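Here are the chains, one letter per residue:
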Amino acid sequence: RRGEMAKSTQLIDNEVFRAYATYTGIVLLKMMLMSLITAYFRITRKAFVNPEDTASFGKGESAKKFLRTDPDVERVRRGHLNDLENIVPFVGIGLLYALSGPELSTALLHFRIFVGARIFHTFAYLIPLPQPGRGLSWAVGYSVTFSMAYKVLKTVWLL
Amino acid sequence: RRGEMAKSTQLIDNEVFRAYATYTGIVLLKMMLMSLITAYFRITRKAFVNPEDTASFGKGESAKKFLRTDPDVERVRRGHLNDLENIVPFVGIGLLYALSGPELSTALLHFRIFVGARIFHTFAYLIPLPQPGRGLSWAVGYSVTFSMAYKVLKTVWLL
Amino acid sequence: RRGEMAKSTQLIDNEVFRAYATYTGIVLLKMMLMSLITAYFRITRKAFVNPEDTASFGKGESAKKFLRTDPDVERVRRGHLNDLENIVPFVGIGLLYALSGPELSTALLHFRIFVGARIFHTFAYLIPLPQPGRGLSWAVGYSVTFSMAYKVLKTVWLL
């Protein structure tokens, strides 16, 4: 058992894998933050979607008026969905990329630009900043994931 | 080739990784079940979104009336999206956590509480249970993922 | 350090893992393509959701009319969400499956059918093809992921 344990922890000792784990942890926590921001806006704007969520505001019509959409809530939700659409490919392709043996400096460049772009994207969406701020930050993150996918497919290709 | 094969299977022989694989398998199957429940409600409530899905009900106006939203369908879909938002971070961070060398008992505690909380969350959403049942189960799962992320970042930090 | 590096790259030398990485890369790139198709339809149909996205069309009422939903945009977005719901379980369960020591030919069969089914699903959704084309391709992908989950849980089960 000890031998196995030692082997299984060696992946986490690899510097590229440690960098991947650090940036993936940060960007997934950032994505999780969107849930808290949604909850914050739902409560402060009193805008809910499930009848059982408004029960504490009273019964019948007085509670029903809080079953509504709010522009700020919808904006955070769109940012959250955009995170899912972009961070899921980063996490999956990034793992394969980290295992494909890139240079540490090249890998760090990819991870830093992606995570920086996604943090900027969140601010650009929530403030909101004028376009093309949000669009460009989306395109930068997208390009980084594409670049990692190219390296992975070039290295492992077995169809 | 045999040497590689033996090495690649050792990860799956590690007990913490086996526990991770078991709970991740269960919770991803639970998430996949949401698709079947959505399909069940779409068919029994006759509430579809794509015109081509109602073609078997006839042509023209007679089929068009089934292109509508239904509260039960929308409820399952919200549960499904909430699963995506919470189970994706668990799968990603949980993998890194399993590789970061935690005690088996601590890891099992994290995995069991998360998966239990998400199964409870699904029942709380679909029945639905009065709040704060659903909210609390969401918060428990969220906290478990946060705790694993903290352990991962403390272990691997390389920015 | 060299020893670690050598070990960490061995996973990527394993043929089953290489096949997993190839098909996961392809299917995640396919999912990412949905973002570009959404952007294409938003721009050609002039159908946006964020006020700041229509600023280049002028100010006030003249820009406001482009804040609307468009059937083609919504169709691509549904396809994208369906991808997330189905490709996320494939990526997670597929990784565990690839590590659970399946035969290369069996693994390739799973990966090829899943990725083929999801590519067909996208065409079926966007053209759109008459049902049950889209429904069947969804079911095929779903069944492949279920089959891999069964193999994973049978191999690793540690609750």
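Going by an unreviewed UniProt entry, chain A carries the name Microsomal glutathione S-transferase 1 and comes from Hypocryptadius cinnamomeus. Quoted straight from UniProt, the Subunit (unreviewed entry) entry for chain A says "Homotrimer; The trimer binds only one molecule of glutathione." For the record of chain A, the UniProt heading Function (unreviewed entry) holds the text "Conjugation of reduced glutathione to a wide number of exogenous and endogenous hydrophobic electrophiles."

**Q** In this structure, what is going on with helix α5 (residues 104–126) of chain B? I would like to understand it.
**A** Every α-helix carries 3.6 residues per turn, so stepping three or four residues along brings you back to the same face. Helix length check: α5 of chain B (23 residues) gives 33 Å between terminal C-alpha atoms against 33 Å at 1.5 Å per residue, within 8%. Among all positions of α5 of chain B, only Ala107, Leu108, His110, Phe111, Phe114, Val115, Ala117, Arg118, His121, Thr122, Ala124 and Tyr125 of chain B are buried.

**Q** Would you take a moment to explain the interface of chain A and chain B for this structure?
**A** Think of interface size as the accessible area that goes away when the parts come together; that is how it is often given. Tallying the contact residues gives 39 residues for chain A and 36 residues for chain B. Counting the surface lost from both chain A and chain B, the interface buries some 3,200 Å², and carbon and sulfur atoms represent 69% of this. Summed over the shared surface of chain A and chain B, the number is three salt bridges. Here chain A is connected to chain B by eleven residue pairs in polar contact (both at pLDDT 80 or more). Within the residue set of the side of chain A that touches chain B, elements represented by two or more residues are α1 (2–13), α2 (15–44), α4 (71–99) and α5 (104–126) of chain A. Here the side of chain A that touches chain B is composed, by residue class, of 22 nonpolar, eight polar and nine charged.

**Q** How should I be thinking about the packing of α2 of chain A against helix α6 (residues 133–156) of chain B in this particular structure?
**A** If you want to describe how two helices pack, look at the angle between their axes and the distance between the axes. The interhelical angle for the contact between α2 of chain A and α6 of chain B, taken along N-to-C directions, is 155 degrees, at an axis separation of 10 Å. Between α2 of chain A and α6 of chain B, the interaxial angle falls into the category roughly antiparallel. The element α2 of chain A and its partner α6 of chain B pack so that their crossing is left-handed. Judged by residue contacts, Arg18, Ala21, Thr22, Gly25, Leu29, Met32, Leu33, Ser35 and Leu36 of chain A of α2 of chain A engage Trp138, Tyr142, Thr145, Phe146, Ala149, Val152, Leu153 and Val156 of chain B from α6 of chain B. Tallied by class, residues from the contact of α2 of chain A with α6 of chain B come to twelve nonpolar, four polar and one charged.

**Q** It is not clear to me how the UniProt feature "transmembrane region" (unreviewed entry) in chain A should be interpreted in this structure. Could you clarify?
**A** Residues and elements named next belong to chain A. Taking the numbering used here, the UniProt-annotated feature "transmembrane region" (unreviewed entry) corresponds to residues 20–41 and 84–101. With 100% helix and 0% strand, residues 20–41 has its two end C-alpha atoms placed 32 Å apart. The distance separating the terminal C-alpha atoms of residues 84–101 is 26 Å; by composition the span is 89% helix and 0% strand.

**Q** Is there a simple way to think about the side chain of Asn50 of chain B in this case?
**A** By secondary structure assignment, the location of Asn50 of chain B is in the loop between α2 (15–44) and α3 (61–64). Reaching out from Asn50 of chain B, the side chain makes a polar contact with the side chain of Tyr125 of chain C at a distance of 2.9 Å. When near neighbours in sequence (up to four residues on either side) are disregarded, Asn50 of chain B contacts Leu67 of chain B together with Arg75, Arg78, Tyr125 and Arg134 of chain C.

**Q** It is not clear to me how a nonpolar patch on the surface should be interpreted in this structure. Could you clarify?
**A** All names here are of chain A. Taken together, the side chains of Leu109, Ile113 and Val140 present a nonpolar region at the surface, about 240 Å² in accessible area. Turning to its location among the elements, Leu109 is positioned in helix α5. On the basis of relative accessible area, Leu109 is assigned to the exposed category, the value being 52%.

**Q** Would you mind showing me how to read the environment of Tyr23 of chain B here?
**A** Inspection of the secondary structure assignment puts Tyr23 of chain B in helix α2. Distance from Tyr23 of chain B to Ile93 of chain B, taken between C-alpha atoms, is 13 Å for residues 70 residues apart in sequence. Look past the residues within four positions of Tyr23 of chain B in its chain and what remains in contact with it is Leu108, Phe111, Arg112 and Val115 of chain B together with Leu158 and Leu159 of chain C. At 3.2 Å, the side chain of Tyr23 of chain B forms a polar contact with the side chain of Arg112 of chain B.

**Q** What is the right way to look at the interface of chain C and chain A in this model?
**A** Across the boundary between the two partners, chain C contributes 39 residues, which contact 36 residues of chain A. Both sides of the chain C and chain A interface together cover about 3,200 Å² of buried area, and 69% of this is carbon and sulfur. The interface formed by chain C and chain A contains three salt bridges. When the shortest N-O distance is used, the salt bridge between Arg75 of chain A and Glu52 of chain C registers 2.8 Å. Counting the contacts that link chain C with chain A gives eleven residue pairs in polar contact (both at pLDDT 80 or more).

**Q** What am I meant to see in the nonpolar core here?
**A** General note: in soluble globular proteins, nonpolar side chains tend to be found buried as a group. One finds Phe17 and Phe111 of chain A, Phe17 and Phe111 of chain B together with Phe17 and Phe111 of chain C to be the most contacted residues of the largest nonpolar core, which totals 110 residues. Apart from residues lying up to four places away in sequence, Phe17 of chain A is in contact with Leu11, Ile12, Leu95, Ala98 and Leu99 of chain A together with Leu96 and Leu99 of chain B.

**Q** Help me understand the side chain of Thr24 of chain A in this model?
**A** Along the polypeptide, Thr24 of chain A turns up in helix α2. On the basis of relative accessibility, which here comes to 0%, the residue Thr24 of chain A falls in the buried class. Here Thr24 of chain A is in contact with Phe90 and Val91 of chain A together with Leu96 of chain B, once residues within four sequence places are set aside.

**Q** Would you take a moment to explain the relation of the copies chain A and chain B for this structure?
**A** Superposing the two chain copies requires a rotation about an axis and a translation along that axis. If you rotate chain A by 120 degrees and push it 0.0 Å along the axis, it lands on chain B with an RMSD of 0.0 Å. Put plainly, the chains are arranged around a three-fold axis. Interface overlap between copies: only 18% of the residues of chain A at the interface are likewise at the interface in chain B, consistent with a contact formed by different surfaces.

**Q** Whenever I open this one, the environment of Leu153 of chain B confuses me. Can you help?
**A** Here Leu153 of chain B shows up in helix α6. Taking the relative accessible area as the measure of exposure, Leu153 of chain B reaches 14% and is therefore buried. As for Leu153 of chain B and Ser100 of chain B, which are separated by 53 residues in sequence, their C-alpha atoms are 9.4 Å apart. Ignoring anything within four residues of it in the chain, the contact list for Leu153 of chain B reads Ala21, Thr22, Gly25 and Leu29 of chain A.

Definitions and limits used
Residues numbered from 1 in each chain as written. Chains lettered and ligands numbered in written order. Predicted model: local features only at pLDDT ≥ 70, side-chain atom pairs only at ≥ 80, totals over all residues. Heavy atoms only, no water. UniProt positions renumbered as here; feature names shortened; annotations may be inferred. Helix = DSSP H or I, 4+ residues; strand = E, 2+ residues; numbered from the N terminus. Expected span 1.5 Å × (residues − 1). Buried < 20%, exposed > 50% of the residue type's maximum accessible area, 1.4 Å probe, protein only. Contact = heavy atoms within 4.5 Å. Buried area = accessible area lost by both parts, 1.4 Å probe. Salt bridge = Lys/Arg side-chain N within 4 Å of Asp/Glu carboxyl O. Polar contact = N/O pair within 3.5 Å; in protein donor to acceptor, adjacent residues only side chain to side chain. Nonpolar A, V, L, I, M, F, W, Y, C, P; charged D, E, K, R; others polar. Axes fitted to C-alpha atoms, helices over the stretch in contact; angles between N-to-C directions. Parallel < 35°, antiparallel > 145°, perpendicular 65-115°, else oblique. Left-handed = near helix turned anticlockwise from the far one by under 90°. Patch = residues over 30% accessible without salt bridge, like charges linked within 9 Å, V, L, I, M, F, W, Y side chains within 5 Å. Areas by Shrake-Rupley, 256 points an atom, 1.4 Å probe, with all protein chains shown as cover. Core = buried A, V, L, I, M, F, W, Y, C linked by side-chain atoms within 4.5 Å. Least-squares fit on C-alpha atoms with pLDDT ≥ 70 in both.

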